Structures are given as structure tokens and as C-alpha cells.
Amino acid sequence: MTDKRIIFMGTPEISATVLEGLISAGYNVVAVIAQPDRPVGRKKILEPVPTKVVAQAHNIPVYQPIKIRKEYDFVSELKPDVIITLAYGQIVPQGLLDIPAQGCINLHGSLLPKYRGAAPIQYALMNNEKVTGMTLMKMVKEMDAGEMYATEEVEISPLDNSTSLFKKMGDAALRLILRALPLYLDNKLPGTPQDESLVTFAPSIKPEEEKLDLNKSKEQLFGFIRALSDVPGAYLYLDELKLKIYQSEIVSDEMIGEVGEIIKADKRGLHLQTTNGILSLLSVQLEGKKRMDYMSFINGQPHLLGKKLR
RNA sequence: CGCGGAGUAGAGCAGUUGGCAGCUCGUCAGGCCCAUAACCUGGAGGUCGUGUGGUUCAAGUCCCACCUCCGCAA
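Keep in mind that this is a model prediction, so the values were computed, not measured.

Some words on the domain arrangement of chain A
Along its sequence, chain A is organised into domain 1 (5-198) and domain 2 (207-300). Averaged C-alpha coordinates put domain 1 and domain 2 at centres separated by 33 Å. Contacts between the two partners involve 12 residues from domain 1, matched on the other side by eight residues from domain 2. Buried surface at the junction of domain 1 and domain 2, summed over both partners, amounts to about 850 Å²; 46% is from carbon and sulfur atoms. Counting the surface domain 1 buries against domain 2, the share from its top three residues, Met 126, Asn 128 and Asn 161, is 51%. At the junction of domain 1 with domain 2, the criterion picks out 10 residue pairs in polar contact (both at pLDDT 80 or more). Elements that contribute at least two residues to the side of domain 1 that touches domain 2 include exactly helix 5 (120-126) and helix 6 (162-185).

Observations concerning the confidence of the model for chain A
Looking at chain A, pLDDT values average 93 and 98% of them are 70 or higher. Taken together, the chains of this predicted complex give a pTM of 0.91 and an interface ipTM of 0.87.

A few points about the pattern of salt bridges
Applying the stated criterion across every chain yields a total of 15 salt bridges. Between Glu 196 and Arg 116 there is a salt bridge, with its nearest N and O atoms 3.1 Å apart. Taken together, the positions of Glu 196 in the loop between helix 6 and helix 7 (218-227) and Arg 116 in the loop between strand 7 (104-108) and helix 5 put the pair 80 residues apart, joining distant regions of the chain. Judged by its relative accessible area of 48%, Glu 196 falls in the partly exposed class. You can call Arg 116 buried: its relative accessible area is 1%.

Re helix 2 (residues 50-57)
Of the positions making up helix 2, those classed as buried are Thr 51, Lys 52, Val 54 and Ala 55. Projected down its long axis, helix 2 carries its buried residues within an arc of 165°, all on one side. In this fold, the buried residues of helix 2 make contact with strand 1 (5-10), helix 1 (13-24), strand 2 (28-33) and strand 5 (62-63). Positive backbone phi, at 55°, marks Asn 59, one or two positions downstream of helix 2.

What to know about the pairing of strand 8 (residues 131-138)
Here strand 8 lies mainly inside the structure; six of its eight residues are buried. Both strand 7 and strand 8 contribute to a ladder of four bridges, which runs antiparallel. Residue Asn 106 lies in a different strand from strand 8, and its bridge partner there is Met 137. Where strand 8 meets strand 9 (residues 148-155), seven bridges bridge the pair, whose relative direction is antiparallel.

Examining the nonpolar core
In terms of nonpolar packing, the biggest core is built from 71 residues, with Leu 107, Ile 177 and Leu 181 touching the most fellow members. Among the elements that make up this core, the one with the highest residue count is helix 6 (11 residues). Looking at this core, you find at least three residues from each of domain 1 (5-198) and domain 2 (207-300). Val 30, Ile 68, Val 92 and Leu 97 belong to the second largest nonpolar core, which has 16 residues in total.

About the cut-offs
- Residues numbered from 1 in each chain as written.
- Chains lettered and ligands numbered in written order.
- Predicted model: local features only at pLDDT ≥ 70, side-chain atom pairs only at ≥ 80, totals over all residues.
- Heavy atoms only, no water.
- Domains from an automatic or database assignment.
- Contact = heavy atoms within 4.5 Å.
- Buried area = accessible area lost by both parts, 1.4 Å probe.
- Polar contact = N/O pair within 3.5 Å; in protein donor to acceptor, adjacent residues only side chain to side chain.
- Helix = DSSP H or I, 4+ residues; strand = E, 2+ residues; numbered from the N terminus.
- pLDDT = per-residue confidence, 0-100.
- Salt bridge = Lys/Arg side-chain N within 4 Å of Asp/Glu carboxyl O.
- Buried < 20%, exposed > 50% of the residue type's maximum accessible area, 1.4 Å probe, protein only.
- Arc of directions from axis to C-beta.
- Pairing = 2+ DSSP bridges.
- Core = buried A, V, L, I, M, F, W, Y, C linked by side-chain atoms within 4.5 Å.

This is how it looks when you write it as C-alpha cells:
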């Protein structure tokens, strides 16, 4: 294989998938840099981040600086030939980008120059794209703006949500890096500049955006719901309680009731009137309750018909 | 001890000031119908989260402890 010294930077599950694959393929991963462990859940239990679990299983040292911006002196000592990042979670400072002899490359979750930013995978779903993909690119000071080396396309099924697409993207990222890395390390992979006129952005989704906007079209609502599912979940209010909506389906263009009104609540569906048609809510969760299919929800909520979600 | 909601039939829920444990769906049997996710009749299925806990003539219901699940916050 190669004895080039690789540092992998990444934090969540998708990063762990690729890290595991690189190690299995025999690459010399000398260190992993990840976000610090954070308390998870109500009990505030400190859980190791996914990439840390993988690294430790292979006895690879893990570094978790609180602010990489200021703490990266240790990287020089590791003498990396190349740094590969995927969803690390912090801005990487120029000083760190300059350390590896062969530079820093990033696996980005979109077909650049579309969807630069922190949430490209969610944005692809939100906009009901049919195709997206991973891009291997050079890391530069400006976020996700470096030249592109290679891409791996991924089809988005109408049934995909965030959870399923992240899984697909992780697999695609691994295929991409295994295909492109040998060429890159041999300096046989030329970069292509991004067409700046086609740049769009996918900034991280703010908590207040998780509440659905009923002024939007049924297509936009459908996209939002799947982009935010299974976590954290998009929601509307039913009376004073949050009703999370994890899965929906576009039914028709009919206008039967007022926008936000529940116009059907029986075994054939839980239907919500939107500004331009009907959306069927398939999987929901009321605050304090468990997630359930619409039939179970209707069984326990006898007076839904005619109610309005806000 | 961060705030709050909840454990009752396979699923989702109700259960009023303690007094024979109910509803919707599912399921099983039968009926109606050209037919059905529709409709009608009947049945099965619960030691009400745990506690050889407390109060009471009597606890799903009130009190105590513990376990588990969930929403928010981090």
C-alpha cells in the first residue's frame, strides 16, 4: 500500500465509516482528530465520539482539541504527509492547513460548487434533489472553496431521509477516497477550480428552523421533514404541544380546508392542508410521547379532525 | 440532584370527588355484499411499570421508594 503518514479529522458516524475503511484498506493513519466528547442525553453521560471509538479500537492516538484554531502545535510533531477531513466540526486554521507536505483534502457532502457549508446533505433533501454526491477537494482558507479532485454521485430516492442518505453518503465517501487517494498521493490527480458563478450555500440548520413554516408549499414541507428526520425532527404545534413529524407524503393538489387544518384523520391517513395541496403525515411524535405511525396516533387522539396545526 | 411529560389488552389512549377495568384500532369467528380498507354480530386478550411498601372496609385512582421511556435544556 503506502506508508504515507495520514491524519484523519472527523467526528460523527459518517466520518467513522470512512476512517474504518481507510484503516481496513491498509493506510497508515497515524492520528485522529475529533471534536471533544460531549455529554449526551438527560443523564449527562460523556460518550466518546464515533471516530474516537474506531481509532481506539485500532490503537490510533486521538486528539480532541477544544479549539483547533489555537491548539494545533501537536500536528507538526506527527509529521503528516496528508490530512483528510470529513465533517470535523470546526474551522481548520490556515496554519494547520500548511503543515502536511501534500496538503489537506476534504470530503464534502455535495457536488460542489453546490451546497458549500455545514449541512449539504440536509439541503439536498430539503430541496428534493434527485442526485447529490461526495466531492474530494483541496482545503483552502475559504470554506469549501478549494479545487475539486474527484466526485462520487449518489441517487436520492423519494423515500430517503437524513438518516438513510447519510448512510449512503458515508459509503460513497469511502468509495471515493479509496479510488482517489492513491492517485492523489502520487500527484496524479489534477484539481479543477469551482465555478464561482454556480456556488450555493448550505448553512447549518438553526433550532428555530426546525419548526415548519405552513406558508411553504407541500413540496418544501415534504423536503424539510425528510431533511430533519430522524433527528432532530421537524415539528408543528398541536394545541400547546410540539408534534414532531418524521415522515410525510404528498397526496394531491386539493384545497379542502384551511391551511394547517387536519382534514382527514382515519385509517386512510392523517392529512394536513397546506397552501397548495395535501400532505399526509405518516410518522409523528407528540411531546412527551413516543414516535408512532399515524394510525396509532389517531387511535389515541379522537378529536383530531378539523383541528389546526400551527 | 437542570425543567417537564408518561408507564392500564398486541398498538394508541380514557378512567371524573377511591366503589364490578373501558374506548378506538388490530386480532379471531360468523354475517352482509359482485366486492371492499366499508357495514353488522359475537369472542379471545389486563396480576393497571416494580415494591410478600403505606393509608383504607375498599387503591388504576391518595402517600412513599425504586425502575424504565419520552420532550426540552446542555
